[in-house]
Amino acid sequence: MTTTEGALRGDIVEVGRRMYARGYTASNDGNISARLGVERLLMTPKGVCKGFLTPDMMCVTDLEGRKLQGEREPSSEMLMHLEVYRQRPDVHAVVHAHPPVATGFAVAGIPLTRAVLAEVLTTLGSIPIAE
């Protein structure tokens, strides 16, 4: 394992802890991945609470989703991550959470298109709902 890979594993663990501490994920939902060069990804495993990750739990996959390393299976939402990396070579990490308030709006069919906070408008823009 390279120093970069070790640092990324630690970073993913820390992001997972922060997501869990802020209530952005519950149970085992959400997932995190990061590029390990051009053809490989470091990814959280499925079935693990993001607040209790350890660096050794991560999986290494290729851009086709084949597991190259790791004892656990990669995130069950890996295909979404893979598509982001294929479509956007400039993206180096993906963080996917399930914030309860945003999830509630989505379930109710209410898009977050109103500019309520300037920070959201300038960083994300409007947040539509997928069909």
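This is a predicted model, so every value here is computed, not measured.

Undergrad: Explain helix H2 (residues 78–87) residue by residue, including any values.
TA: Among the residues of H2, those classed as buried are Met-78, His-81, Leu-82 and Tyr-85. Buried residues of H2 fall within an arc of 100° about the axis and therefore sit on the same side. Exposed residues on H2 whose side chains face more than 90 degrees from its buried face are Leu-79 and Gln-87. Tucked into the core, H2 has its buried residues touching strand E1 (31–35), strand E2 (40–43), strand E3 (59–62) and strand E5 (93–96).

Undergrad: Please give an account of the state of the cysteines that cites residues and values.
TA: Following the criterion strictly, the structure yields 0 disulfides and no others. Cysteine Cys-49 remains unbridged, with the sulfur of Cys-59 as its closest cysteine sulfur at 16 Å. Relative accessible area serves as the criterion here: at 11%, Cys-49 is assigned to the buried category. According to the relative accessible area criterion, Cys-59 is buried, its value standing at 0%.

Undergrad: For the layout of surface pockets, give the residues involved together with the corresponding values.
TA: Space inside the largest pocket adds up to approximately 420 Å³. Around the largest pocket, the lining is made up of 15 residues, and of these Ala-97, Pro-99, Ala-102, Leu-112 and Ile-127 lie nearest the centre. Considering each element in turn, the lining of the largest pocket owes the most residues, 4 residues, to helix H3 (residues 100–107). Of the residues contributing to the lining of the largest pocket, the split by class is 11 nonpolar, 4 polar and no charged.

Undergrad: Can you tell me about the pattern of salt bridges, naming the residues and giving the values?
TA: The tally for this structure, following the rule as stated, stands at 6 salt bridges. Between Glu-5 and Arg-9 there is a salt bridge, with the nearest N and O atoms lying 2.8 Å from each other. Note that Glu-5 and Arg-9 are positioned in helix H1 (residues 3–21) at a spacing of 4 residues, about one turn of the helix. Comparing Glu-5 with Arg-9 shows no difference in burial state: the two are buried. Between Glu-14 and Arg-18 there is a salt bridge, with the nearest N and O atoms lying 2.9 Å from each other.

Undergrad: Which residues make up the sheet that holds E5, and what are the values?
TA: As summarised here, the arrangement of the 5 strands in space is E4-E3-E2-E1-E5, forming an open sheet in which the pairing is antiparallel. The sheet is open, and its two edges are formed by strand E4 (67–69) and E5, each paired on a single side. Neighbour-to-neighbour, the strand axes of this sheet turn through a mean angle of 30°, independent of strand direction. Sheet topology places E2 next to E3; 4 bridges connect them, and they run antiparallel. Across the sheet, residue Leu-42 finds its bridge partner in E3, namely Val-60.

Rules behind the numbers
Throughout, a residue's number is its position along its own chain's written sequence, starting from 1. Local features in this predicted model are restricted to residues whose pLDDT is 70 or higher, and side-chain atom pairs enter the listing and the counts only when it is 80 or higher, whereas totals over whole chains, interfaces and linings include all residues. Only hydrogens and water are set aside; all other atoms, that is, all heavy atoms of the structure, feed into the side-chain values. The classification of residues rests on relative accessible area computed with a 1.4 Å probe and restricted to protein chains. Under 20% of the type maximum is buried, over 50% is exposed, and intermediate values are partly exposed. Secondary structure elements are defined from DSSP: runs of H or I of at least 4 residues count as helices, runs of E of at least 2 residues count as strands, and each element is numbered from the N terminus. Read the arc as the range of directions from the helix axis to the C-beta atoms. In what follows, a contact means two residues having at least one pair of non-hydrogen atoms within 4.5 Å. We call a pair of cysteine sulfur atoms a disulfide whenever their separation is within 2.5 Å. Buried and open spaces are told apart on a 1 Å grid over the protein atoms alone, a cavity being a set of points where a 1.4 Å probe fits but cannot get out and a pocket being an open set with protein on both sides within 12 Å along at least five of seven lines. Residues with an atom within 4 Å of a point are the lining residues. Grid points are joined across faces, edges and corners, and a volume is the space filled by probe spheres set on the points. Under the scheme applied here, ten amino acids are nonpolar (Ala, Val, Leu, Ile, Met, Phe, Trp, Tyr, Cys and Pro), four are charged (Asp, Glu, Lys and Arg), and all others, including Gly, are polar. Any Lys or Arg side-chain nitrogen located within 4 Å of an Asp or Glu carboxyl oxygen qualifies as a salt bridge. Here, strands pair whenever DSSP counts at least two bridges between them. Helix axes are fitted to C-alpha atoms over the stretch in contact, other axes to C-alpha atoms as well, and angles between N-to-C directions run from 0 to 180 degrees.

Interpretation in functional terms is not warranted from these geometric data alone.
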